[in-house]
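Here is what each chain is made of, one letter per residue.
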Amino acid sequence: MSNKLVLEVDRLEVRYGAIEAIKGISLHVAAGEIVTIIGGNGAGKSTLMKTISGLEPAAAGRVLFAGQDVTQMPGHLRVPLGIAQSPEGRQVFPDQTVLDNLLLGAFHRKDAQSVIDAEVQEQFRIFPRLKERQDQMAGTMSGGEQQMLAIARALMSRPTLLLMDEPSLGLAPLIVKEIFAIIRALKERGVTILLVEQMANQALGVADRAYVLETGRITLEGSGAELRRDPKVRAAYLGAH
């Protein structure tokens with residue numbers, strides 16, 4: 001694993017009016033790592049992800065991507081730099097086919113169509129079910145299939161950093177297992193991932209490092225294995241007392 005930092009969040013603050021959602025947090029993600037953020041509802045996890053991807057403005061602090069300050073950069077300009085998000089709730093384009101959703105993931109790229117087509121085939125190798133469904137309207141697929149499509153669509157932008165926001169949300173246990181197997185496979189391919197996830201046990205199981213976010217502050221950090229053994233984490237998030 002490289003020590004090269006892909007993402008640095010430096011004393012970040014995010015506010016909704018008078019409400020301080022993120023309270024001066026700092027974290028980093030190195031190339032090739034899976035870093036997990038766990039925390040309860042309302043901890044600020046999705047706000048953090050949206051601020052990194054440029055969908056929420058920062059009130060203070062900085063977001064650095066590959067050493068470049070992107071704090072004030074609009075979201076659509078962060079995608080070509082290499083930041084892609086697989087959003088909470090999947091948010092596929094329901095009235096477009098699976099194939100069209102994938103092609104939309106590469107909309108900003110200047111590559112030849114043959115290169116894009118080859119990458120679509122690559123996504124079909126990672127997600128065989130999407131190949132079977134390529135001509136189907138995305139909105140008619142199951143939640144698990146839509147989640148696979150959301151991840152594959154994000155990968156079509158060729159990200160240096162993949163932001164995954166609650167990929168297991170609302171999915172049956174067997175499908176959750178499949179999604180986490182995909183996350184492991186992506187890591188083996190060298191994809192750098194920042195993962196926000198309610199299913200703390202599985203998320204810590206795939207993580208190199210992890211942070212606990214509570215009401216907008218980071219209260220704990222360590223390796224995935226360390227946090228999995230931590231009594232406070234076990235009591236609060238792993239259902240162990």
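In this text, all values refer to a predicted model and were calculated from it rather than measured experimentally.

Judged by pairing direction, the sheet is antiparallel, and its four strands sit side by side in the order β2-β1-β4-β5 without closing on themselves. Unpaired on one side and paired on the other, β2 (19-30) and β5 (68-69) mark the two borders of the sheet. The pairing of strand β1 (residues 5-16) with strand β4 (residues 60-65) spans five bridges and is antiparallel. When the bridges of β4 are listed, L7 appears paired with F65. On top of the sheet, helix α1 (residues 45-53) reaches β1, β2 and β4; it is set at about 115° to β1, its chief contact.

Next up on the list: the confidence of the model for the protein. Residue-level pLDDT values for the protein average 92, and 98% of them are 70 or greater. Confidence scores differ between elements of the protein, with helix α7 (residues 173-188) showing the lowest mean pLDDT of 89 and β4 the highest of 98.

Looking now at the pattern of salt bridges. Inspection of every chain in the model, using the stated rule, returns 15 salt bridges. With its nearest N and O atoms 3.5 Å apart, the salt bridge here joins R62 to D10. With R62 in strand β4 and D10 in strand β1, this pair connects stretches of sequence that are 52 residues apart. Judged by relative accessible area, which is 37%, R62 ranks as partly exposed. Between R209 and E33 there is a salt bridge, with its nearest N and O atoms 2.8 Å apart. Separated by 176 residues along the polypeptide, R209 in strand β9 (residues 209-214) and E33 in the loop between β2 and β3 (34-38) bring together distant segments of the chain. For the residue pair R209 and E33, the accessibility class agrees, reading buried in each case. Through salt bridges with shared partners, a single network forms among R109, D111, E119 and R158.

One open sheet holds the six strands; their spatial order is β6-β7-β8-β3-β9-β10, and the pairing between them is mixed. Looking along the sheet, the strands with just one partner apiece sit at the ends: β6 (83-86) and β10 (217-223). Averaged over all pairs of adjacent strands, the angle between strand axes in this sheet comes to 20°, irrespective of strand direction. Pairing of β6 with strand β7 (residues 161-165), which is carried by four bridges, proceeds in the parallel orientation. Following the sheet pairing, S86 is matched in β7 by M164. Sheet contacts for helix α6 (residues 143-155): β6 and β7; angle to β6, the most-contacted strand, approximately 175°.

About the thresholds
Residues numbered from 1 in each chain as written. Predicted model: local features only at pLDDT ≥ 70, side-chain atom pairs only at ≥ 80, totals over all residues. Heavy atoms only, no water. Pairing = 2+ DSSP bridges. Helix = DSSP H or I, 4+ residues; strand = E, 2+ residues; numbered from the N terminus. Contact = heavy atoms within 4.5 Å. Axes fitted to C-alpha atoms, helices over the stretch in contact; angles between N-to-C directions. pLDDT = per-residue confidence, 0-100. Salt bridge = Lys/Arg side-chain N within 4 Å of Asp/Glu carboxyl O. Buried < 20%, exposed > 50% of the residue type's maximum accessible area, 1.4 Å probe, protein only.

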